[in-house]
Amino acid sequence: MSWRETFGQDARLVESVFPGDEALSKLLSSGRTLRVKLGIDLTSTEVTIGNAIPLRILARFQELGHTAVLILGYFTTEVGDPSGRDKTRPVLTRAEVEENGKSWLDQIGKILDLDRAEVRKNSEWLDPLSSAEMVKLAGQMTVAQMLERDSFAKRYATGTPIHLHEFLYSLLQGYDSVAVHADIELGGTDQTFNLNVGRHLQKSAEQRPQVCVLNPLLEGLDGSKKMSKSLGNAIGVDTPAKDMFGRATRVTDELVGKFLRLATRLPDAAIDELLAGDIWHAKKTMAEALTAAYHGDEAAKHERDEFERVFKRKEAPTDLREVPVSGTVTAMAIVRDAFDLSGGEARRRIQQGGVRLDNEKVTDPNAEWTIDSPKVLKAGKTLYVKLVPAD
């Protein structure tokens, strides 16, 4: 049986296999319990739905009875992965990496059974490396081999600095595979070079070279760059249901299909049908399925209903944030504070007719209000709060 048949629908999470599909199918049919490695660098506190793709592949291997080896890159995060970068990445301290690691494990537990996984810190074997051992490790790759890496080649051609420690990153990630005796390593397509370094180092260590399983990268909400919290284009697996649904509806039309296949568990046939129809309906269905994956069906349905209520029927949400108001206050001051606007922006919205109190248009920024019973305040098309008397 081919690995694609074994994986079923989850095969769509895999873009390519090196050295080839036959190698992975042969491993899976060997009857051995395989060691499947995924290394993660702890560069932020947020696990995005893009990060979730290789984690879901790892979970699938775990379901098939294999050992999920999750490596937390405590050491390598401090070096900095140059993958796809045109400049050196800022280096984090060990304390920052430790803090990020705690956050990541809390979120990863939503996707992977951590109780059955082998969770390791690569600082276990990389911290003790002596200078002589590091030099010996560096001697297993040439500068020419390193410059075959696309990001290095581009930087070298343009005269952009490449620091020696960046060369070490690939070696250290590859050495992780030697340390844990990986049969399979997972990673995004931007990790192709690093994963193959692992194969090279395993051969040198007289181990069977790992099979590399590469997943496609998921672009962010802007539709161009890789999803990243630092770029502000990400959806995190811990993003609250309301925000997760809302952010997902901001995905560009061109990416809806990719999000449906990589970020949801909807069947392929259902996705094909959605993409053949109205794209806005497909986008909302994608947002609901994504939200359901991390918050449950009930929460996802609620957020879709709320979205329809506010954006389609122009009604107020049912779960309005309450803002207490005491005494007599000007309309401008209440709008400013309720929606965290500047005074000038609050005044402008009122003067342009964009503010309503209990569906009555507000026109005077200096009008004095006394809130003695709950009232719905609206600013623009989607900003709502409930004003209530302060205790």
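An account of the accompanying structure is given in this report. Note that the structure is a prediction, hence the values are computed from the model and not measured.

On to the sheet that holds strand E7 (residues 322-325), then. Neighbouring strands of a sheet are bound in pairs by backbone hydrogen bonds; such pairs are parallel or else antiparallel. Strand order in the open sheet formed by five strands is E7-E13-E12-E9-E10, and the pairing between neighbours is mixed. The two strands at the open ends of the sheet, each matched to only one other strand, are E7 and strand E10 (360-361). Sheet topology note: the E7/strand E13 (residues 383-389) ladder contains four bridges and is parallel. The residue bridging valine 323 from the neighbouring strand is leucine 387, located in E13.

Assignment of secondary structure puts aspartate 183 in the loop between helix H10 (164-180) and strand E5 (184-188). A distance of 2.9 Å separates the side chain of aspartate 183 from the backbone nitrogen of arginine 35, its partner in a polar contact. If we skip the residues at most four places from it in the chain, aspartate 183 touches Leu27, Arg32, Thr33, Leu34, Arg35, Arg208, Gln210 and Val211.

Right, let's talk about the nonpolar core for a bit. Within the largest apolar cluster, 61 residues are counted, with the highest numbers of intra-cluster contacts made by Leu24, Ile49, Phe61, Leu70, Ile184, Leu186 and Phe259. Among the elements that take part in this core, helix H3 (residues 52-63) stands out by supplying seven residues, more than any other. Apart from the residues within four sequence positions on either side, leucine 70 is in contact with Leu38, Ile40, Leu55, Leu58, Leu105, Ile108, Leu112, Leu114, Glu118, Val119 and Arg120. Formed by 21 residues, the second largest nonpolar core is a distinct cluster that contains Phe75, Val178, Ala182 and Leu201.

Conventions and cut-offs
- Residues numbered from 1 in each chain as written.
- Predicted model: local features only at pLDDT ≥ 70, side-chain atom pairs only at ≥ 80, totals over all residues.
- Heavy atoms only, no water.
- Pairing = 2+ DSSP bridges.
- Helix = DSSP H or I, 4+ residues; strand = E, 2+ residues; numbered from the N terminus.
- Polar contact = N/O pair within 3.5 Å; in protein donor to acceptor, adjacent residues only side chain to side chain.
- Contact = heavy atoms within 4.5 Å.
- Core = buried A, V, L, I, M, F, W, Y, C linked by side-chain atoms within 4.5 Å.
- Buried < 20%, exposed > 50% of the residue type's maximum accessible area, 1.4 Å probe, protein only.

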